[in-house]
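Next come the chains, spelled out residue by residue.
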Amino acid sequence: MASTTMRFSATSTGAEALPRRNSVTGFITFATRSSAKSRPRFIGRSFNLSLLRRRNSFFSVKCVSGSEAKRKLHDPVAQPQEATTSPSSLTPDASSIASSIKYHSEFTPLFSPENFDLPQAFFATAQSVRDALIINWNATYDYYEKLNVKQAYYLSMEFLQGRALLNALGNLELTGPYAEALTKFGYKLENVAYQEPDAALGNGGLGRLASCFLDSLATLNYPAWGYGLRYKYGLFKQRITKDGQEEVAEDWLEMGNPWEIVRNDISYPVKFYGKVESGSDGKKHWIGGEDIKAVAHDVPIPGYKTKTTINLRLWSTKAASEEFDLYAFNAGRHTEASEALANAEKICYILYPGDESIEGKILRLKQQYTLCSASLQDIVARFERRSGANVNWEEFPEKVAVQMNDTHPTLCIPELMRILIDVKGLSWKDAWKITQRTVAYTNHTVLPEALEKWSLDLMQKLLPRHVEIIEMIDAELIQTIIAEYGTADSDLLENKLKEMRILENVELPEEFADVLVKSKETTDTPSEVLQSSEQVKEQEEEQEEEQEEEQQQEQEEEEEEKDDNVEVEGAIAKKNGADKSSIEDEKEELPVPVPEPPKLVRMANLCVVGGHAVNGVAEIHSEIVKDEVFNAFYKLWPEKFQNKTNGVTPRRWIRFCNPDLSKIITEWIGTEDWVLNTEKLAELRKFVDNEDLQLQWKEAKRSNKVKVAALIREKTGYSVSPDAMFDIQVKRIHEYKRQLLNILGIVYRYKKMKELSAAERKKSFVPRVCIFGGKAFATYVQAKRIVKFITDVGATVNHDPEIGDLLKVIFVPDYNVSVAEMLIPASELSQHISTAGMEASGTSNMKFAMNGCILIGTLDGANVEIREEVGADNFFLFGAEAHEIAGLRKERAEGKFVPDPRFEEVKEFVRSGVFGSYNYDELIGSLEGNEGFGRADYFLVGKDFPSYIECQEKVDEAYRDQKKWTRMSILNTAGSYKFSSDRTIHEYAREIWNIEPAQLL
């Protein structure tokens, strides 16, 4: 790949290497070019383009409404001006921005005009910013269309975007002018931004990673789009009550979304159920069934200091209007009348609907197929349009790269095959070659339950054509396995087929049915003892006669025994006055049938087989993927497997969310280039012992802690001291992430505090505020028990007058991106304590390190690489290592594990009832026993507990020396440069997608 970034003008046909341009300069320049070739393609709902062109200003709009006296909103511009911003200006001034905000408050109304309060101010401001984004967005889109560059498409079930206003302003370099403009209305920018709800399009690290990637793709000028679903009610909004976690529907769309543009002209049919028939043309035809429409909603994603603005296309679902049954409605059957509409719309109601019921499973599979089908139809249509009259399908992989973010988009593989074969008329061989060259897969987990498997029967009913295609892919794989391993060793071949096949517990296809049989015959019967067919026949006949005689004899003995039993039972019945027949009924038991194992489709195996690349997301994770999860595939296709260590965008996760620290970094490094080139953060190491830097660093941290203390007061009612250590664990609640280990460590700390006098307590313990945040999946009972336990401990500790500010336990409800943007800059210690080998990577650990937080953790996921980069002395390490885990579980199963007395002590303390009347037997019981589901401490909390509390003692010791602690904090930021998502995206682009950056003039 060429090392020079190619940047193109929307009106030129050539390319030249140019310096990075200010995003607004390019925006203004483009806004003044009104050639037909570069006319914007995306226009907002109420965006007055004619005014924009006439004014030659990038979005300063003159008010044209009625009498000024009737308005409650005053004009913030003292003297009307025709063009306050010239095309050559670097940024628009506050007056033109204020005019634009005022225009949108009047002509893009979502509220009544009587008042201009904060919610109105947010929507008008966001719509004003969106005008700016649309111009850049259109220019980017025109470039992609005109030059027909290869484009990457990132498909993900989640995009955890967070608030967009401050991020967009920061990337456009308009934060200052907008802040000044809003003062003309009497508002502060941060108060206006606070009105924006977080987009409820994701839950955890998977979705946040996808959003960081989009930011980096735009910033680095890579041609790419994201595809996802537009969830109306998100995952859920979390409430914390005395009973623990409660879930209610998200309301993020109740007031509308000012960032999205509904593209009613872009919709695609999506089919479920039905049947497959072969037509006279030899093609397969999927007919009948249930038909819905997927409608596009586009969200612009701006890059930092660049004109490039890429697209996140979200799909909503609906049924055609004619599906509404007027006859049924008028007959009073209202629910029946709208059933088809409701069935279509509910596909995009919530993220990850509960799947314990068959209805829930169907809904989840519908979601996954909708994402894949609509996105691929859109991608194929774009390829055909850009190709013009002569479409060459062999070029498809040269123009399209599809990245599947985990197994949720796996149906991309059979869906692309279906489109190419059934719709476009390609042969199986050509379609398969194109598909494999186009698609790639990112694995995010080693947990078996997260490697999706779908019921074959369910998929057969819902997606019959795709099952046919999957069966053919499975057959191709079987052929490859047989060719690789041969038939000489039947056990080896059988094991490989069992491990690698896409279809689990499914008979071999007819063409391979006798392969294992023949192999076994060859293996089990040495040539020197082979007998003639006549001898074999004679032996078989003799054996059959012997078996018949034995069966007859056994039958006679059983009859005699039965008669004896009947006589005895009759006598007993007569004695007890009971009917003999009733006793026979009681005695008679039907044989218990042995259930057949379910027939399943292994989606992860399909991903590996159907794509050209498979990547893990941290070095240790990628090794586990190769050595354990997909070892057989790795041995077959080693060239497919790669590592792409995750990263986070430094724009949102330090530059914008931590402005005080960012200012300090820029001052000491001497440039703000570190926001784009994080390698420059390493220069902080030169100043790590400078007392002035350390003082500034500590002041910035404390300022952030004061803000978080106010947030905690607002969200929970608890008061905390900003002078205490802020110890934070925020992530999805799951047993393997071991929030239980953390809270048990806190319980142990609390118990030891209670055993000391006030003076001893103050001398022995560093004051701590232990902060938790995260959602437990609604049907994950054990995770919800952990949430309940944390809140119960907090309720006891936080009201204990003997403890005071020495220890506080806080659970921040409804943790999301906006909350993270406050907590992470204030953090001093962050816990990443998953069972070694179970966390694929983690990205919150990167965000914390980037903000000068010191980590305590196991050698798991990206912790390994973070520790290498920041230095072992600046990371608190404890616990078993990944290679030890299997042996430790085996030791437990054999009854050889001896728990530490301190662990037994803390469990007994919990059971004493000190934290309330709730029965924690199920929770604590999961840490006990040697075997059984939900028992035997599978995640090794007890094993790692002594190491953990001893490591926490080292944390206290280090924190007492604030000079040393601040030094460690600075070195964490300095060593975090590797963990920028910009680095990760460059690696994907170069080694998987084969795309190059290109920037517009």
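Residues numbered from 1 in each chain as written. Predicted model: local features only at pLDDT ≥ 70, side-chain atom pairs only at ≥ 80, totals over all residues. Heavy atoms only, no water.

A closer look at the overall build of the protein chain
Heads up, the rule is: By definition, any uninterrupted DSSP run of H or I lasting at least four residues is a helix, any uninterrupted run of E lasting at least two residues is a strand, and each is numbered from the N terminus. Under the scheme applied here, a residue whose accessible area is under 20% of the maximum for its type counts as buried, over 50% as exposed, and between as partly exposed, the area being computed with a 1.4 Å probe on protein chains only. Contacts are assigned to residue pairs that have any heavy atoms within 4.5 Å of one another. To measure how exposed things are, a 1.4 Å probe is used in the Shrake-Rupley method; for residues, cover is taken only from the protein chains shown.
Of regular secondary structure, the protein chain possesses 39 helices and 25 strands. The buried share of the protein chain, taken over its 1001 residues, is 55%. Sequence separation of 24 or more characterises 77% of the internal contacts of the protein chain that already satisfy a separation of 6 or more. Just so you have it, the protein chain exposes about 43,000 Å², and 48% of that area is on carbon and sulfur atoms.

Examining the pattern of salt bridges
For clarity, the threshold we go by: Counted as salt bridges are all cases of a side-chain nitrogen of Lys or Arg within 4 Å of a carboxyl oxygen of Asp or Glu.
Counted according to the given criterion, the structure contains 64 salt bridges. As a salt-bridge pair, Lys-305 and Glu-672 come within 3.8 Å of each other at their nearest N and O atoms. Linking Lys-305 in the loop between β10 (290-302) and β11 (309-318) with Glu-672 in the loop between α26 (659-669) and α27 (691-716), this pair joins segments that are 367 residues apart in sequence. With a relative accessible area of 22%, Lys-305 lands in the partly exposed category. With its nearest N and O atoms 3.6 Å apart, the salt bridge here joins Glu-619 to Lys-978. With Glu-619 in helix α23 (residues 619-629) and Lys-978 in the loop between α38 (962-974) and α39 (981-993), the pair connects residues that are 359 residues apart, well separated along the chain.

A closer look at the nonpolar core
Our working rule: The criterion is simple. A nonpolar core is a set of buried Ala, Val, Leu, Ile, Met, Phe, Trp, Tyr and Cys residues joined through side-chain atoms within 4.5 Å.
Membership of the largest hydrophobic core comes to 160 residues, with the highest contact counts inside it found for Met-459 and Trp-993. At twelve residues, the largest contribution of residues to this core is made by helix α4 (residues 118-147). For Trp-993, the contacting residues outside a window of four places in its chain are Lys-150, Ala-152, Tyr-154, Leu-217, Ala-401, Gln-403, Ile-985 and Tyr-988. If you look at the next biggest cluster of nonpolar residues, it comprises 54 residues, including Phe-789, Val-797, Phe-876 and Phe-878.

Describing the sheet that holds strand β20 (residues 768-773)
Let me state the cut-off plainly: A pair of strands is treated as paired once DSSP finds two or more bridges between them. Between N-to-C directions, angles cover 0 to 180 degrees, with each direction set by a line fitted to C-alpha atoms, over the stretch in contact for helices.
As summarised here, the arrangement of the six strands in space is β21-β20-β19-β22-β23-β24, forming an open sheet in which the pairing is parallel. The two strands at the open ends of the sheet, each matched to only one other strand, are β21 (807-812) and β24 (876-877). When β20 meets β21, the two strands line up parallel, connected through six bridges. Bridging across to β21, Arg-768 finds its partner in Leu-807. Packing of helix α30 (residues 781-797) onto the sheet brings it into contact with β20 and β21, and relative to β21 it is tilted by some 140°. The sheet strands contacting α38 are β19 (725-730), β22 (829-832), β23 (854-857) and β24, and the helix crosses β23 at an angle near 85°.

Some remarks on the sheet that holds β10
Taken in spatial order, the nine strands make up an open sheet running β7-β10-β11-β4-β3-β12-β13-β17-β18, and their pairing is mixed. The sheet is open, and its two borders are formed by β7 (261-272) and β18 (641-643), each paired with just one other strand. Sheet twist, expressed as the mean angle between neighbouring strand axes with direction ignored, is 25°. In the sheet, strand β3 (residues 151-155) pairs with strand β4 (residues 224-229) via four bridges, with the strands oriented parallel. Paired with Leu-155 across the strands is Tyr-227, a residue of β4. Taken strand by strand, helix α12 (residues 358-387) contacts β3, β4, β7, β10, β11 and β12 (400-405), and its axis lies near 115° from that of β7.

Structural notes on the layout of surface pockets
Spelled out, the test is: Definitions used for this entry: grid spacing 1 Å over protein atoms alone; cavity, a set of points where a 1.4 Å probe fits but cannot get out; pocket, an open set with protein on both sides within 12 Å along at least 5 of 7 lines; lining residue, one with an atom within 4 Å of a point. Grid points are joined across faces, edges and corners, and a volume is the space filled by probe spheres set on the points. Any residue outside Ala, Val, Leu, Ile, Met, Phe, Trp, Tyr, Cys, Pro, Asp, Glu, Lys and Arg is labelled polar, Gly included; the first ten of those are nonpolar and the last four are charged.
Empty space within the second largest pocket amounts to approximately 1,100 Å³. Lining the second largest pocket are 37 residues, with Leu-166, Glu-190, Phe-656, Cys-657 and Pro-659 sitting closest to its centre. The class makeup of the residues in the lining of the second largest pocket is 18 nonpolar, eight polar and eleven charged.

Notes on α23
Those residues of α23 that sit buried are Ile-620, His-621, Ser-622, Ile-624, Val-625 and Lys-626. Residues of α23 that are buried make contact with β17 (614-616), α24 (631-636), β18 and α33 (863-870).

Regarding the packing of aromatic side chains
The cut-off we apply is this: Put simply, two rings from Phe, Tyr or Trp (the six-membered ring, in Trp's case) pair if the centres are within 6.5 Å, and we call them stacked under 30 degrees between planes, edge-to-face over 60, tilted for the rest.
Applying the stated criterion across every chain yields a total of 40 aromatic pairs. Ring centres of Phe-272 and Tyr-369 lie 6.0 Å apart, and the angle between their planes is 70°; on these two criteria the pair is classed as edge-to-face. One end of the pair, Phe-272, is in strand β7; the other, Tyr-369, is in helix α12, with 97 residues separating them in the sequence. On the accessibility criterion, Tyr-369 (1% relative accessible area) is buried.

Concerning the environment of Ala-488
As for its placement among the helices and strands, Ala-488 is situated in the loop between α17 (464-485) and α18 (490-500). By relative accessible area, Ala-488 is classed as exposed at 69%. In this structure, the C-alpha to C-alpha distance between Ala-488 and Leu-516, residues 28 residues apart in sequence, is 9.7 Å.

Observations concerning the UniProt feature "modified residue: N6-(pyridoxal phosphate)lysine" (unreviewed entry) in the protein chain
Put simply, the test is: UniProt positions are given in the numbering used here, feature names are shortened, and annotations may be inferred rather than shown by experiment.
Taking the UniProt record as the reference, the feature "modified residue: N6-(pyridoxal phosphate)lysine" (unreviewed entry) is found at Lys-847. Residues within four places of Lys-847 in sequence aside, it is in contact with Arg-208, Val-648, Trp-653 and Ile-824.

Focus: the environment of Glu-290
Under the convention used in this document: Throughout this description, a polar contact denotes any pair of N or O atoms lying within 3.5 Å of each other; where both atoms belong to protein, one of them has to be capable of donating a hydrogen while the other can accept it, and for residues adjacent in sequence the pair is counted only when both atoms sit in side chains.
Locating Glu-290 in the fold gives a position in strand β10. Sequence separation of Glu-290 and Ala-319 is 29 residues, and the distance between their C-alpha atoms is 9.5 Å. Polar side-chain contacts of Glu-290 include one of 3.2 Å to the side chain of Lys-366.

Some remarks on unusual backbone geometry
With a phi angle near 60°, Arg-738 is a residue other than glycine that sits in the positive phi range. Position of Arg-738 among the secondary structure elements: in the loop between β19 and α28 (739-754). For Arg-738, a relative accessible area of 0% puts it in the buried group. A positive phi angle, close to 60°, is found at Leu-940, a residue other than glycine. In this structure, Leu-940 sits in the loop between α36 (921-925) and α37 (941-960).

Section: the pairing of β10
Here β10 lies mainly inside the structure; eleven of its 13 residues are buried. Pairing between β7 and β10: nine bridges, direction antiparallel. Opposite Val-262, over in β10, you have His-297 as the bridge partner. Bridging between β10 and β11 involves ten bridges; their strand directions are antiparallel. Paired with Val-299 across the bridge in β11 is Leu-312. Linking β10 back to β11 in an antiparallel pair, the connection comprises six residues, with Lys-305 at a positive phi of about 55°.

So, the packing of α27 against helix α31 (residues 817-826)
The condition that has to hold: Note on angle classes: values under 35 degrees are labelled roughly parallel, values over 145 roughly antiparallel, values of 65 to 115 roughly perpendicular, and the remainder oblique. Should the near helix be turned anticlockwise from the far one by less than a right angle, the crossing is termed left-handed; should it be turned clockwise, right-handed.
Remark: α27 packs on α31, axes separated minimally by 8 Å, with the N-to-C direction vectors making an angle of 135°. On the basis of the axis angle, α27 is oblique to α31. In terms of crossing hand, the pair formed by α27 and α31 is left-handed. Residues Lys-701, Asn-704, Lys-705, Lys-707, Val-708 and Leu-711 of α27 form the contact with α31, whose own contacting residues are Val-819, Met-822, Leu-823, Pro-825 and Ala-826. Of the residues belonging to the contact of α27 with α31, the class tally is seven nonpolar, one polar and three charged.

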